[in-house]
Amino acid sequence: MRLRNVPGAREAIAESTFCYETPEDMKGLWSRRFNNQNPIHIEIGMGKGRFITELAMKYPEINFIGIEKYSSVLIRGLEKQEELQLPNLCFIRMDAEDICKIFAPGEISKIYLNFSDPWPKDRHAKRRLTSAQFLERYLKIIRPDGSLEFKTDNTDLFQFSLETAETVKEWELTAFTHDLHHDTAMNEGNIMTEYEERFSSMGTPIHKMILKPAIF
């Protein structure tokens, strides 16, 4: 379903003022796009955009950028934003591997990864958004006082992510839980994604971890 073609999606995305298809032109200039110096938070793999849109409505003092590779799902978030016209929210259609071409060092304050593709085959491990390769990319764009939050229903992916975080010494694992919705502290203020709501209604535990750049 995620890859299903939506007629006209690419054209609508290309025409929208809320979406960038050549975001490399904005590297180091995203604050100008929002016309303020507020912190910038990004969600990589935003899907239909429910999570990041709710964040943008709840926290107008923060700028949000949703990143999604597939036009067929990005268009849903874009359609909602066209209705809401939130000044602190925009989108990028791109592959996450190019993240360092889009943002300058220290330009991002927080990164959200929600229910990312688990890429279950070992030979595809480096494609996982919590692989060592991706964690190293994120270090190039995040502020020293920034953070990364990752949620998933996939136990194997979460265990892989915990183990990987331990190997990339530039990151510090500051908190994690294997059952988010029954963890009072970590669930405080939690905003659910479409996938999270579905899995949790089926009784599937949600895993979450928080990383911060290590201080040496």
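Above this text you will find the structure in question.
Below or above, wherever it landed, is the structure these notes cover.

Let's shift gears to the pattern of salt bridges. One pass over the full model with this rule turns up 9 salt bridges. The partner of Glu 196 in a salt bridge is Lys 151, with the nearest N and O atoms 2.6 Å apart. On the criterion of sequence distance, the pair formed by Glu 196 in helix H9 (residues 194-201) and Lys 151 in strand E6 (residues 142-152) is long-range, its members being 45 residues apart. The residues Glu 196 and Lys 151 share a single accessibility class, namely buried. Connected via shared salt-bridge partners are Arg 50, Glu 54 and Glu 197.

We now examine the environment of Ile 206. Summarising the element assignment, Ile 206 is placed in the loop between H9 and strand E8 (207-213). Owing to a relative accessible area of 1%, Ile 206 belongs among the buried residues under this scheme. In contact with Ile 206, not counting residues within four places along its chain, are Phe 115, Thr 152, Asp 153, Thr 177, His 178, Asp 179, Leu 180, His 181, Glu 196 and Phe 199.

Another point: H9. Here H9 starts with a cap whose side-chain oxygen sits 3.3 Å from the backbone nitrogen of Tyr 195, and that cap is Thr 193. Count one or two residues on from H9 and you reach Gly 203, which has phi positive near 85°.

A separate point is a positive patch on the surface. Taken together, the side chains of Lys 121, Arg 123, Lys 126 and Arg 127 make up a positively charged region of the molecular surface. Topologically, Lys 121 is positioned in the loop between strand E5 (108-114) and helix H6 (132-139).

Here we come to the side chain of Thr 177. With respect to the helices and strands, the residue Thr 177 is situated in strand E7 (residues 171-177). Note on Thr 177: relative accessible area 7%, which makes it buried. Within polar-contact distance, the side chain of Thr 177 engages the backbone nitrogen of Asp 179 at 3.1 Å. For Thr 177, the side chain forms a polar contact with the side chain of Asp 183, separated by 3.3 Å.

Within a sheet, neighbouring strands are paired by backbone hydrogen bonds and run either parallel or antiparallel to one another. One open sheet accounts for 8 strands, arranged E1-E4-E3-E2-E5-E6-E8-E7; its pairing is mixed. Edge positions in the sheet fall to strand E1 (19-20) and E7, since each of these pairs with one other strand and no more. As defined by bridge partners, strand E2 (residues 40-44) adjoins E5 across 4 bridges and the pair is classed as parallel. The residue bridging His 41 from the neighbouring strand is Lys 110, located in E5. In the packing of helix H4 (residues 71-84) onto the sheet, the strands contacted are E1, strand E3 (63-68) and strand E4 (89-93), and the crossing angle to E4 comes to about 165°.

With that out of the way, let us pick up the packing of aromatic side chains. Inspection of the entire model under this criterion finds 7 aromatic pairs. Measuring from centroid to centroid gives 6.1 Å for Phe 115 and Phe 199, while their planes differ by 40°, and the two rings are tilted. A residue pair is termed long-range when its members are at least 10 positions apart, and Phe 115 in the loop between E5 and H6 and Phe 199 in helix H9 qualify at 84 residues. When sorted by exposure, Phe 115 lands in the same class as Phe 199, which is buried. Aromatic side chains Tyr 195 and Phe 199 sit 6.1 Å apart centroid to centroid with 15° between the ring planes, which places their arrangement in the stacked category. In this pair, Tyr 195 and Phe 199 both sit in helix H9, 4 residues apart, roughly one turn of the helix. Site record: aromatic cluster; members linked through ring pairs are Tyr 20, Trp 30 and Phe 103. Here Arg 128 stacks its cationic end above the ring of Phe 160, 4.5 Å away from the centre of that ring.

Here we take up the environment of Glu 149. Along the chain, Glu 149 turns up in strand E6. Take Glu 149: its relative accessible area is 16%, and that puts it in the buried class. Between the C-alpha atoms of Glu 149 and Ser 72, which are 77 residues apart in sequence, the distance is 25 Å. Excluding anything up to four places from it in sequence, Glu 149 contacts Lys 110, Ile 111, Tyr 112, Leu 113, Lys 208, Met 209 and Ile 210.

A separate point is the pairing of E2. Of all 5 residues that make up E2, 5 are buried, and the element is covered over most of its length. Here E2 shows a buried face lined by Ile 40, Ile 42 and Ile 44 and a second buried face lined by His 41 and Glu 43. Taken together, the 5 bridges between E2 and E3 define a ladder with parallel strand orientation. Paired with Ile 44 across the two strands is Ile 67, which belongs to E3.

Cut-offs applied
- Residues numbered from 1 in each chain as written.
- Predicted model: local features only at pLDDT ≥ 70, side-chain atom pairs only at ≥ 80, totals over all residues.
- Heavy atoms only, no water.
- Salt bridge = Lys/Arg side-chain N within 4 Å of Asp/Glu carboxyl O.
- Helix = DSSP H or I, 4+ residues; strand = E, 2+ residues; numbered from the N terminus.
- Buried < 20%, exposed > 50% of the residue type's maximum accessible area, 1.4 Å probe, protein only.
- Contact = heavy atoms within 4.5 Å.
- Polar contact = N/O pair within 3.5 Å; in protein donor to acceptor, adjacent residues only side chain to side chain.
- Patch = residues over 30% accessible without salt bridge, like charges linked within 9 Å, V, L, I, M, F, W, Y side chains within 5 Å.
- Areas by Shrake-Rupley, 256 points an atom, 1.4 Å probe, with all protein chains shown as cover.
- Lys, Arg positive; Asp, Glu negative; His and termini not counted.
- Charge placed at Lys NZ, Arg CZ, Asp CG, Glu CD.
- Pairing = 2+ DSSP bridges.
- Axes fitted to C-alpha atoms, helices over the stretch in contact; angles between N-to-C directions.
- Phe/Tyr/Trp six-rings, centres within 6.5 Å; stacked < 30°, edge-to-face > 60°.
- Lys NZ or Arg CZ within 6 Å of the ring centre and 35° of its normal.

Geometric descriptors of this kind do not, in isolation, establish any biological role.
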